[in-house]
Structures are given as C-alpha cells and as structure tokens.
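Reading the structure
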Amino acid sequence: RRLPLWLEEGLAEEIGGGITVEGGVQLDFAATFGKLIPFAEIATVWPENAGRAALAYRQGRSFVQFFRDKSGWDHIQQILRVLADGGGVLEGPAAGTPFEEVVQQVSGLPLSHWTALWRVRTEEQADPWFELLLRDFMGTVFFGIALAAVLAYGFMRRQRKRQIAELPDDPLPI
C-alpha cells in the first residue's frame, strides 16, 4: 500500500463533498478529550467499530483540508503523481514508507511534522466540552435532566437535614 488508508479515505471524503454535522462534533469531542486515533493505527486497517470508523473518516478529511490549506492542492497532486509513478521508495534502515518519503521531498517537512501540526491545530480549534453538550439536542435534554436531578437531590437533602435537626433531643426511651 503506497498511500495510507486514512489519506485515501480523507481525499475521497473531501473530493466527494459529503457533509455530516455530527462528524465535526465527533472530531471535536475526540480532540477535546484526547481520543484522536493515531494515524499509524489507520494506515492499513480501518476500525471495525462504527463510531471509530466515522472518526477515522473525519480525521482523514480534516488532515486533507489542513494540508491543502497550508501547502496547497498542487502539493497533494504532486505527491499523488510521484507515488503513482513509483517514486518514494528508498533503501536503508532510516527509510520510511513511500508516502512519508514523498511528503518529505515535496513539502520539505516530514509527515510526522505535518501530523503533529494538524493535531495541535485540531485540539486548539475544538470547542470546549460545555459547548459540545449544547450542540446536540438529545445531549442537551439529557444534560438538563441530569442537572435537574442534581438540584432536586440537593434540595431534598437540605430539607431532610433540617427535619432531622428539628427533632426533639429526648433521652433514651425507658
């Protein structure tokens, strides 16, 4: 495999133009809570779990958008062209995958640098957890129910303590 699966799917998502609202929220949740999937984990095998697979698609698309914005479509096209022509194959113990080598040649920076920049930007741009809760209607409803339950518990506990304090302090029964 000359092209990582996550990049292949990210390109397909970006070029195909599908838009999912929950995809962005899922990426924000993963970035906020440190649950992003390492790219090495999805380079050759796609997650079987539907939620993680959706996150993998979103990560791939997000990286393609990031690389496009920072480096341009011309670099992406050049990388794909060089890989299609069989370039990027180096010998030796320090040689990376063909994709890593071509990214280094075309952009002047290693792939690890690009993925680290992407991760930092994604984590910085992710909405805070409290805003993420309010984005989803069902999440907001459950959050409201949980908040009401906590408030009701606090009220009932305070009322019960007051009732116990008002009880007479009688000596032990005979």
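Once that is clear, we can look at the overall build of the protein chain. What the protein chain contains, in helices and strands, is eight helices and zero strands. Ordered by position from N to C terminus, the α and β elements of the protein chain give α-α-α-α-α-α-α-α. Split by element, the accessible area of the protein chain, about 11,500 Å² in all, is 60% carbon and sulfur.

Once that is clear, we can look at a nonpolar patch on the surface. Where nonpolar side chains cluster on the molecular surface, the patch consists of Phe137, Met138, Val141, Phe142 and Ile145 and spans about 530 Å² of accessible area. Residue position: valine 141 is located in helix α8 (residues 137-166). What makes valine 141 partly exposed here is its relative accessible area of 31%.

Packing of helix α3 (residues 50-71) against helix α6 (residues 111-125) brings their axes to within 10 Å, and their N-to-C directions diverge by 105 degrees. If you check the angle between α3 and α6, you find them roughly perpendicular. The segment α3 lies against α6, with Gln59, Ser62, Phe63, Phe66, Phe67, Lys70 and Ser71 engaging Leu111, Trp114, Thr115, Leu117, Trp118, Arg121 and Thr122. Tallied by class, residues from the contact of α3 with α6 come to seven nonpolar, five polar and two charged.

Here the focus is the pattern of salt bridges. Applying the stated criterion across every chain yields a total of five salt bridges. In this structure, aspartate 69 and arginine 68 form a salt bridge, with 3.1 Å as the shortest nitrogen-oxygen distance. Linked by salt bridges that have partners in common, Glu14, Arg61, Arg68 and Asp69 make up one network.

As enumerated under the stated definition, the model contains 11 aromatic pairs in all. Both rings, one in phenylalanine 39 and one in phenylalanine 63, keep their centres 5.7 Å apart while their planes meet at 70 degrees; by these two values the pair is edge-to-face. With phenylalanine 39 in the loop between α2 (21-32) and α3 and phenylalanine 63 in helix α3, this residue pair connects regions lying 24 residues apart in the sequence. By the burial criterion, phenylalanine 39 is buried, and phenylalanine 63 matches it. Consider the rings of phenylalanine 63 and phenylalanine 67, whose centres lie 6.1 Å apart with planes at 20 degrees: the pair is stacked. Of this pair, phenylalanine 63 and phenylalanine 67 are both found in helix α3, four residues apart, which corresponds to roughly one turn of the helix.

Conventions adopted
- Residues numbered from 1 in each chain as written.
- Predicted model: local features only at pLDDT ≥ 70, side-chain atom pairs only at ≥ 80, totals over all residues.
- Heavy atoms only, no water.
- Helix = DSSP H or I, 4+ residues; strand = E, 2+ residues; numbered from the N terminus.
- Areas by Shrake-Rupley, 256 points an atom, 1.4 Å probe, with all protein chains shown as cover.
- Patch = residues over 30% accessible without salt bridge, like charges linked within 9 Å, V, L, I, M, F, W, Y side chains within 5 Å.
- Salt bridge = Lys/Arg side-chain N within 4 Å of Asp/Glu carboxyl O.
- Buried < 20%, exposed > 50% of the residue type's maximum accessible area, 1.4 Å probe, protein only.
- Axes fitted to C-alpha atoms, helices over the stretch in contact; angles between N-to-C directions.
- Parallel < 35°, antiparallel > 145°, perpendicular 65-115°, else oblique.
- Contact = heavy atoms within 4.5 Å.
- Nonpolar A, V, L, I, M, F, W, Y, C, P; charged D, E, K, R; others polar.
- Phe/Tyr/Trp six-rings, centres within 6.5 Å; stacked < 30°, edge-to-face > 60°.

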